[in-house]
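The residues making up each chain are set out below.
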Amino acid sequence: MRRYAGVDSGSWNTKAVVIDHDGLVLGTSVVRSGADLAVAAERAYAEALARAGCEAADISAVWSTGFGRDAVAFADGSRTELDCHGRGAAFHVKGPLVVIDIGGQDAKVIRLDANGHRLSHRMNRKCAAGTGSFLDEIALRLGIETAALDVLAAQSTEEFELSSFCTVFAGTELLTLIRAGRRPSDLAMAAYRSLMKRVIAMDVFDGRVVATGGVVAYHPTMVALLSEALHVEVTVPPHPQEMGAFGAALAARDGAVSVGPGGDDARSSRSLPLAGETP
Amino acid sequence: MAAPRAELASTAALRDTMSAYYRGLGEAVEKKTAPVAWCTSVGPAELLRALGFVVHFPENHAAMLGAGRTANRYLPVAHAQGYSQDICSYLTSDIGAYLSGESPLSAFGLHGVPRADVLVFNTNQCRDVRDWFEWYGRQWNVPVIGINSPRSVGEVTEAEIGDVTRQLEALVPILERVAGTRLDSARLTTAMSAARDASALWERCLTTATHRPSPFTFFDGTIHMGPAVVLRGAPEAATYYGTLLAELEERTRTGVQAVPGESLRLYWDGMPVWGRLRALSTTFAEFRTAVVASTYCNSWIFSTLDPADPWRSMARSSVELFIARSDEPKERYIERMVKLYDVDGIVFHDCRTCPNNTNSRYGMPRRLSERLGIPTLMLDGDVNDLRCFSDEQAKTNIEGFVEQLADGRAAAGRAAR
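For every chain, the first residue of its written sequence is number 1, and the numbers climb from 1 along that sequence. By the order in which they are written, chains take letters starting at A while ligands take numbers starting at 1. In keeping with the model being predicted, local features are shown solely for residues with a pLDDT of at least 70 and side-chain atom pairs are shown and tallied solely at 80 or more, while totals for entire chains, interfaces and linings include all residues. For side-chain calculations, the full set of non-hydrogen atoms in the structure is used, while hydrogens and water are omitted.

Attention now goes to the state of the cysteines. Residues and elements named next belong to chain B. We call a pair of cysteine sulfur atoms a disulfide whenever their separation is within 2.5 Å. The full count for this structure, using the stated rule, is zero disulfides over all chains. The thiol of C351 is unpaired, and the distance to the nearest cysteine sulfur, on C354, comes to 4.9 Å. Buried residues are those whose accessible area, probed at 1.4 Å on protein chains only, stays under 20% of the maximum for their type, while exposed residues exceed 50% and partly exposed ones sit between those limits. When its relative accessible area of 0% is taken as the criterion, C351 is described as buried.

This next bit is on the packing of helix α1 (residues 11-31) of chain B against helix α11 (residues 235-254) of chain B. All names here are of chain B. Between α1 and α11, the shortest axis-to-axis distance is 10 Å and the interhelical angle comes to 170°. Relative to α11, the element α1 is oriented roughly antiparallel. Residues A13, L14 and T17 of α1 touch α11, and the partners they reach there are E236, Y240 and T243. Residues are grouped as follows: Ala, Val, Leu, Ile, Met, Phe, Trp, Tyr, Cys and Pro are nonpolar; Asp, Glu, Lys and Arg are charged; every other residue, Gly included, is polar. Classifying every residue of the contact of α1 with α11 gives three nonpolar, two polar and one charged. For helices, the axis comes from a line fit to the C-alpha atoms of the stretch in contact; other axes are also lines fit to C-alpha atoms, and the angle between any two N-to-C directions lies between 0 and 180 degrees. Counting from the N terminus, the helices are DSSP H or I runs at least four residues long and the strands are E runs at least two residues long. Throughout, the term roughly parallel applies to angles under 35 degrees, roughly antiparallel to angles over 145, roughly perpendicular to angles from 65 to 115, and oblique to all others. Any two residues having at least one pair of non-hydrogen atoms within 4.5 Å are treated as being in contact.

Further remarks concern the domain arrangement of chain A. Residues and elements named next belong to chain A. Structurally, chain A comprises domain 1 (1-93 + 241-279) and domain 2 (95-236). The C-alpha centroid of domain 2 is placed 27 Å from the C-alpha centroid of domain 1. Each partner contributes residues to the interface: domain 1 has twelve residues there, and domain 2 has 21 residues. Note on terms: buried area is the combined drop in 1.4 Å-probe accessible area of two parts once they are placed together, counting the loss on both. Both faces considered, domain 1 and domain 2 share a buried interface measuring about 1300 Å² in area, 71% of it formed by carbon and sulfur atoms. By the criterion of area lost to domain 2, the three top residues of domain 1 are L82, V93 and Q241, representing 51% of everything that side buries. One speaks of a salt bridge when a side-chain nitrogen belonging to Lys or Arg is within 4 Å of a carboxyl oxygen belonging to Asp or Glu. At the surface where domain 1 touches domain 2, the tally comes to zero salt bridges. For the purposes of these results, a polar contact is taken to be a pair of N or O atoms within 3.5 Å, where, inside protein, one atom must be able to donate a hydrogen and its partner to accept one; residues adjacent in sequence count only when each atom of the pair is a side-chain atom. Here domain 1 is connected to domain 2 by three residue pairs in polar contact (both at pLDDT 80 or more). A total of seven residues in the side of domain 1 that touches domain 2 trace back to one element, the largest contributor, which is helix α2 (residues 81-92). Of the residues in the side of domain 1 that touches domain 2, the class split is five nonpolar, five polar and two charged. Start and end positions for the domains come from either an automated domain assignment or a database one.

Looking now at the pattern of salt bridges. Following the criterion strictly, the structure yields 46 salt bridges over all chains and no others. Between R182 of chain A and E158 of chain A there is a salt bridge, and its shortest N-O distance comes to 3.0 Å. Of the two residues, R182 of chain A sits in the loop between α5 (167-179) and α6 (184-200) while E158 of chain A sits in the loop between α4 (149-153) and α5, which places them 24 residues apart along the sequence. Judged by its relative accessible area of 43%, E158 of chain A is partly exposed. Here E155 of chain B ties to R332 of chain B by a salt bridge, and the two come within 2.8 Å at their closest N and O atoms. With E155 of chain B in the loop between β4 (144-147) and α7 (158-179) and R332 of chain B in helix α15 (residues 327-341), the pair connects residues that are 177 residues apart, well separated along the chain. Taking the relative accessible area as the measure of exposure, R332 of chain B reaches 33% and is therefore partly exposed. Within this structure, R79, D83, R87, R118, R253 and D254 of chain A together with E403 and D407 of chain B form a network of salt bridges that share partners.

Moving on, we get to the interface of chain B and chain A. The interface is formed by 42 residues belonging to chain B together with 37 residues belonging to chain A. With both sides pooled, the region where chain B packs onto chain A buries about 3300 Å², and carbon together with sulfur makes up 48% of that total. Summed over the three residues of chain B that lose the most area to chain A, namely R288, R366 and E403 of chain B, the buried surface amounts to 17% of that side. Across the salt bridge formed by R79 of chain A and E403 of chain B, the nearest N and O atoms sit 3.9 Å from each other. The tally of links between chain B and chain A comes to eleven residue pairs in polar contact (both at pLDDT 80 or more). Considering every element that reaches the side of chain B that touches chain A, the biggest residue donor is helix α17 (residues 391-416) of chain B, with 18 residues. Across the side of chain B that touches chain A, the residue classes tally to 15 nonpolar, nine polar and 18 charged.

For the rest of this paragraph, the subject is the pairing of strand β6 (residues 97-102) of chain A. Residue and element names in this part refer to chain A. In terms of burial, β6 is a largely internal element, six of the six residues being buried. Covered by surrounding structure in β6 are L97, V99 and D101 together with V98, I100 and I102, the residues of both alternating faces. Strand direction decides the pairing type here: β6 and strand β7 (residues 107-112), joined by six bridges, are antiparallel. Pairing of L97 across the sheet is with L112, part of β7. Counting the residues that bridge the hairpin from β6 to β7 gives four residues. Pairing of β6 with strand β9 (residues 208-212), which is carried by five bridges, proceeds in the parallel orientation. From the neighbouring strand, D101 faces β9, where its bridge partner is T212. Two strands pair under a simple rule: DSSP has to find at least two bridges between them.

Attention shifts here to the side chain of R325 of chain B. Residues and elements named next belong to chain B. Take R325: it is sitting in the loop between α14 (310-320) and α15. His residues and chain termini do not enter the charge count, which takes Lys and Arg as positive and Asp and Glu as negative. Comment: no salt bridge for buried R325; closest opposite-charge side chain is E155, at 5.1 Å. At 3.2 Å, the side chain of R325 and the backbone oxygen of V153 are in polar contact. Of note is the side chain of R325, whose polar atom sits 2.6 Å from the backbone oxygen of G154.

Here we take up the nonpolar core. The set of buried Ala, Val, Leu, Ile, Met, Phe, Trp, Tyr and Cys residues whose side-chain atoms join them within 4.5 Å is what this entry labels a nonpolar core. One finds Y90, L175 and W202 of chain B to be the most contacted residues of the largest nonpolar core, which totals 141 residues. Setting aside chain neighbours within four positions, we find W202 of chain B in contact with F216, G221, H224, M225, A228, Y241, L244, C297, W300 and I301 of chain B. Membership of the second largest hydrophobic core comes to 39 residues, among which are L187, L195, M196 and F205 of chain A.

Below you can see the structure in the form of structure tokens.
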């Protein structure tokens with residue numbers, strides 16, 4: 001059986017996935033990236049291999065993605081997270097579709113055609129608003145763990161809006177609202193709504209919508225709000241947090257064109273074609 | 001690994017040309033041999049030269065601050081004077097540098113930016129240039145005059161040309177008084193001829209990039225456009241572009257590539273990110289992608305300048321300028337460039353503090369993408385304020401865009417088989 005692997009070296013977490021030739025997930029892992037991305041990648045890969053019941057020698061190809069994709073020295077090729085989240089989502093949901101990926105430090109909107117080919121992408125500005133960090137900041141202000149935010153928001157009964165775009169100002173506004181007697185559950189829901197609005201303003205949503213990334217994996221409220229605002233059922237595929245690593249494993253399986261720096265060297269399976277060439 | 005980039009030999013002549021200009025400016029100020037005018041980059045430079053002014057272009061100075069990555073040191077100084085972080089970072093870095101008593105012109109013997117006898121703006125670019133000049137006007141108590149141009153111009157009308165013509169003519173008595181001389185129409189004709197000749201040569205330099213592979217990129221252009229900006233109306237600009245053109249034509253004959261292994265070709269719309277020119281140039285080159293043309297470098301082509309009809313042709317050049325137009329003529333222009341340079345995609349730089357030279361905020365990328373059938377990329381950044389630019393995000397954006405274009409090419413190849 002041929003097996004493939006993907007490693008997503010994110011700014012907060014490093015994820016690894018091992019798949020078989022049909023794209024069936026055999027093992028996954030999520031570890032903290034920390035300061036040494038190379039070590040985190042090795043740890044995540046080793047854990048995913050162990051969970052898949054195999055060794056590195058059993059893997060036909062491993063590709064990297066994510067912010068630290070160039071730090072994954074053992075990878076045979078790399079693709080951006082823009083490609084891998086789209087590739088992973090298109091494996092589960094037929095296009096045309098729009099993929100929303102909300103990570104700890106960035107948010108992406110990726111538009112794909114009926115064949116899963118990328119039409120466009122948008123990334124958030126150099127700003128924490130619209131990313132998972134926004135929820136971390138809000139949870140900190142409310143004095144709870146980020147993971148508890150979703151449970152808290154589920155108890156919300158009154159709808160209102162945070163008026164600030166800025167993460168820091170939203171935190172300050174939250175303190176004012178707490179002093180004014182607002183319930184924490186309503187504040188938690190307002191934070192999700194603020195994040196949702198920031199994300200849906202990034203691009204046009206004109207197809208089926210798939211959400212990936214750590215935020216939707218742990219915050220179902222976010223998915224519900226996106227569905228409500230976009231008037232479509234937002235699909236969350238299996239392993240949403242590991243979707244980038246899954247997409248990288250699919251890229252390894254498919255022998256995608258590796259365009260990254262070093263795309264001409266032995267690390268990549270195929271390099272960017274010249275004008276007129278048809279790979 | 002890809003072959004290293006071949007540097008342009010003309011860069012030495014460029015350095016000499018620019019250095020002579022700055023030193024000439026310094027000498028005129030030091031020895032008081034000529035009055036000093038400040039001029040916005042597409043202001044009436046030919047008129048100022050005809051009246052004997054030495055001309056300083058503060059946008060060029062601000063670009064030096066950006067390219068030298070000192071701008072971010074000066075921005076807070078201007079912000080503290082009440083000039084917002086949201087307005088032009090050319091303006092704020094330049095004023096901040098002045099208040100700090102520092103300038104890259106000191107390398108050419110000047111003691112900071114030259115003190116102006118008059119400041120002459122043209123708002124065809126934006127209102128910020130006028131505010132910028134008025135700050136210095138108050139500082140030095142000297143006249144600030146200029147052209148209040150029509151903005152968002154659709155089809156250029158006679159009324160608009162007439163309006164700007166009259167405004168140009170109205171500058172003359174004030175400029176004559178400051179210069180202490182009368183305008184000599186023969187000198188104006190000479191300056192107009194010099195500007196037209198340099199513009200024609202600059203245009204020919206840029207269009208060598210229509211060749212595959214391109215001998216020249218947008219990033220080269222941002223450096224080599226210096227004489228087109230600061231020596232408009234002076235003969236030295238045409239001399240330099242003759243040299244550059246000869247080298248670029250030689251490159252096309254011998255197949256020297258600006259980006260070794262050129263695979264993809266892109267068009268750049270919007271301002272440069274001066275503090276990241278080299279980094280962006282390297283990033284694109286690593287992906288064997290040549291940014292072959294740009295709205296920015298093309299904006300110093302003034303093909304309608306006519307020495308036989310100086311006033312109206314100066315006015316027409318001013319009104320017709322890309323940045324002063326509405327989206328429809330802008331889109332027609334980009335469409336022509338996309339076809340002329342045969343590009344695979346368009347990069348729109350969303351320049352945080354320069355809304356007037358940012359064309360991605362009113363739906364243009366999507367409209368052009370649908371009409372032309374090529375993808376567009378939006379890069380967030382700024383002309384001088386590097387706090388608005390993320391290296392990592394830009395790299396991922398660019399790499400992701402190259403992946404998209406490469407996949408599209410591969411899919412087209414499969415479909416053709």
